[in-house]
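Residues per chain, in single letters:
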Amino acid sequence: MSLSFVLRHLKLSTKQIRNYCDYQPKALRSLKPKSTRATVQFYVDSCRVRAVAGKGGDGCISFLSSWCKEYAGPNGGDGGHGGHVIFQATHTKKSLNHCSSVITAKDGEKGYDKDCSGKNAQHVIISVPLGTLIRDSNGSVVCDLEQEGAMFIAARGGAGGRGNKFFLTDTEQAPNVAEYGAIGETVQYFLEVRSMAHVGLIGFPNAGKSTLLRAVTRARPTVAPYPFTTLRPHIGMIPYDDYEQVAIADLPGLIPGSHKNKGLGIQFLQHIERCKGLIFLLDGSNDPLEQYQALNYELTQYNVSLNERQRCVVINKIDLPEVKKSLPKIREKFNVIGISAKTGLNLQELLGIIRKMYDSV
């Protein structure tokens, strides 16, 4: 193999790598139509559940009487064990909307005669997303399910009671006693998903967050001309041509004083903590600079570490003439992107910035 061939091959490889690094993925329009179901799925990133384990089966009191021996002794069987309530981490789950407020396991079966023990109850295994934090009633973290297949026994089932055959001794040949099954545990927990979405939309009510999510994803949040149409987060997926998908969340609108828990402020701010990147969506027709300062103040008062996350400032409704005229003056004060979620203006530029935020985090 000649030296010139090797050098030529190295130059070709270097050129290919450089071109690949300079490549910018582009967002794709989903080929699937929007769902026509009447119910709209929303995202649940925290919930409170009560785990009720099953009760153990009672032991049996019985005495064997056969044709050849009338008093053959005790033959009461043991009761079965009650079922546990178990949380298991899996990558197939992304939300907690399938978790019921009360999770109950079945009771163990009672014991029978002829030394027949009762059947143990099946454990109730609830699948939760990876990275789910489990807190007790005091707010202390008792488990962090961050690995695939990790399990946490939330409530232990009661042990089955023993039948009178167990109490047979040399001095007591006819025990007339058996055990009741033990009561299962009943414990209350708070479940939280550590990471909800890659990017979260932050803004005041009626800023156009739901409209933007509808424009770039297949999600179907409610869009209406009155405030607080979104009370629970909605998640949409943005596909790109390099087979990557970015999750973007439509978060409920904030109001001044949210860090003081005005309205549902603390609950809304908790959703923001679970997003890796933040997009400030501002209404261009209502003093965007003041909106940004107010939103930034609320985030800082709630959690200072939110200022360290990737962020992007977007001015919506530039299809209006007054907003289009004021946009150059706004750009003189800070760097913003102007879009129109209603008409789709400049959405491709925003999708490129969202991908850069995704790659950086």
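Draft legend 1. Geometry of the sheet that holds strand β11 (residues 197-202). Spatial ordering of the open sheet is given by β12-β13-β11-β14-β15-β16, a layout of six strands whose pairing is mixed. Both edges of this open sheet fall to β12 (234-239) and β16 (337-338), since each of them pairs with a single strand only. Examined bridge by bridge, strand β14 (residues 275-283) and strand β15 (residues 310-316) share seven bridges and lie parallel to one another. Along β15, the bridge assignment pairs L282 with I315. Lying over the sheet, helix α4 (residues 288-302) contacts β11, β14 and β15, oriented at roughly 150 degrees with respect to β14.

Draft legend 2. Examining a positive patch on the surface more closely. Side chains of K32, K34, R214 and R218 sit close together on the surface and give a patch of like positive charge. On the secondary structure map, K34 appears in the loop between α1 (3-22) and β1 (46-52). Exposure remark for K34: the relative accessible area of 33% places this residue in the partly exposed category.

Draft legend 3. Layout of the pattern of salt bridges. Inspection of the entire model under this criterion finds ten salt bridges. One salt bridge connects R135 with E192, and the closest N-O pair in it is separated by 3.3 Å. Here R135 is found in strand β7 (residues 132-135), whereas its partner E192 is found in strand β10 (residues 186-193), with 57 residues between them in sequence. Residue class for R135 comes out partly exposed when judged on its relative accessible area of 23%. Salt bridges linked by common partners bring D45, R135, E192 and R274 together as one network.

Draft legend 4. Region of the structure containing the side chain of D45. Structurally, D45 is set in the loop between α1 and β1. At 2.6 Å, the side chain of D45 forms a polar contact with the side chain of H271. With sequence-adjacent residues up to four places away left out, D45 is seen in contact with L96, L191, E192, V193, M196, H271 and R274.

Thresholds applied
Residues numbered from 1 in each chain as written. Predicted model: local features only at pLDDT ≥ 70, side-chain atom pairs only at ≥ 80, totals over all residues. Heavy atoms only, no water. Pairing = 2+ DSSP bridges. Helix = DSSP H or I, 4+ residues; strand = E, 2+ residues; numbered from the N terminus. Contact = heavy atoms within 4.5 Å. Axes fitted to C-alpha atoms, helices over the stretch in contact; angles between N-to-C directions. Patch = residues over 30% accessible without salt bridge, like charges linked within 9 Å, V, L, I, M, F, W, Y side chains within 5 Å. Areas by Shrake-Rupley, 256 points an atom, 1.4 Å probe, with all protein chains shown as cover. Salt bridge = Lys/Arg side-chain N within 4 Å of Asp/Glu carboxyl O. Lys, Arg positive; Asp, Glu negative; His and termini not counted. Charge placed at Lys NZ, Arg CZ, Asp CG, Glu CD. Buried < 20%, exposed > 50% of the residue type's maximum accessible area, 1.4 Å probe, protein only. Polar contact = N/O pair within 3.5 Å; in protein donor to acceptor, adjacent residues only side chain to side chain.

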